[in-house]
Amino acid sequence: MLINPALEVVLVEPHFHFFFNQLVKSLFIDNLACNSVHVRHSSIPLFKYSKQHEIILEYLRSIKTHPTAETIYEEVRKKDNKISLGTVYRNLDKLAFQGVIKRIKMANEKDRFDGDVSCHYHGKCIKCNNVIDIFLKENIDLSIDEHVKNETNINVVSHDIIFNVICPNCDK
């Protein structure tokens, strides 16, 4: 495995594939894209492609909302009525693990999912409970990680920021 200064992980041999999967699992990295770690590999799929996988990914990339697994299940059944809720959960886990989608974890609530893996944050409206995207001009992820390291001497592997907001629709 080669790691260059831009934090790009390149998998070049099959045995590194297993090592990388185990490494990511052990570090609890849910979203590689936003933390400036980019993964690419040479013809080694992390997970087997399936029609259900593609339908779920296509749906998430076509919307701007942040649905739960159950909502995704209801929507993708319109395209494939044989898909099960378990299949949706398994595929969402795989896609999030790969960094192809974002899993949005919120305390005491079901996880939400985002098909947009560009570096952005999320806000949860305190009035309607909708989750909205928050795009900032500057990526503050690295400066927060560095600040934590400097103040506490703890290495940050990843972090999630969810703002409590009043969304534009409720603010009228």
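Coordinates for the structure precede this section.
Please read all numbers here as calculations on a predicted model, not as lab measurements.

1. Quick notes on the sheet that holds strand β6 (residues 121-125)
And then number 1: An order of β7-β6-β8 is seen for the three strands of this open sheet, with the pairing classed as mixed. Only two strands of the sheet have a single partner each, and these edge strands are β7 (131-134) and β8 (162-165). Each strand axis lies, on average, 35° off the axis of its neighbour in the sheet, ignoring direction.
And then number 2: As paired strands, β6 and β7 are joined by four bridges and run antiparallel to one another.

2. Quick look at the packing of aromatic side chains
And then number 1: Enumeration over the complete set of coordinates arrives at one aromatic pair.
And then number 2: Judged by centre distance (6.3 Å) and plane angle (80°), the rings of Tyr121 and Phe163 are edge-to-face. Taken together, the residues Tyr121 in strand β6 and Phe163 in strand β8 connect sequence positions 42 residues apart.
And then number 3: Given the relative accessible area of 5%, Tyr121 is considered buried.
And then number 4: Judged by relative accessible area, which is 33%, Phe163 ranks as partly exposed.

About the cut-offs
- Residues numbered from 1 in each chain as written.
- Predicted model: local features only at pLDDT ≥ 70, side-chain atom pairs only at ≥ 80, totals over all residues.
- Heavy atoms only, no water.
- Pairing = 2+ DSSP bridges.
- Helix = DSSP H or I, 4+ residues; strand = E, 2+ residues; numbered from the N terminus.
- Axes fitted to C-alpha atoms, helices over the stretch in contact; angles between N-to-C directions.
- Phe/Tyr/Trp six-rings, centres within 6.5 Å; stacked < 30°, edge-to-face > 60°.
- Buried < 20%, exposed > 50% of the residue type's maximum accessible area, 1.4 Å probe, protein only.

These figures capture arrangement, not role.
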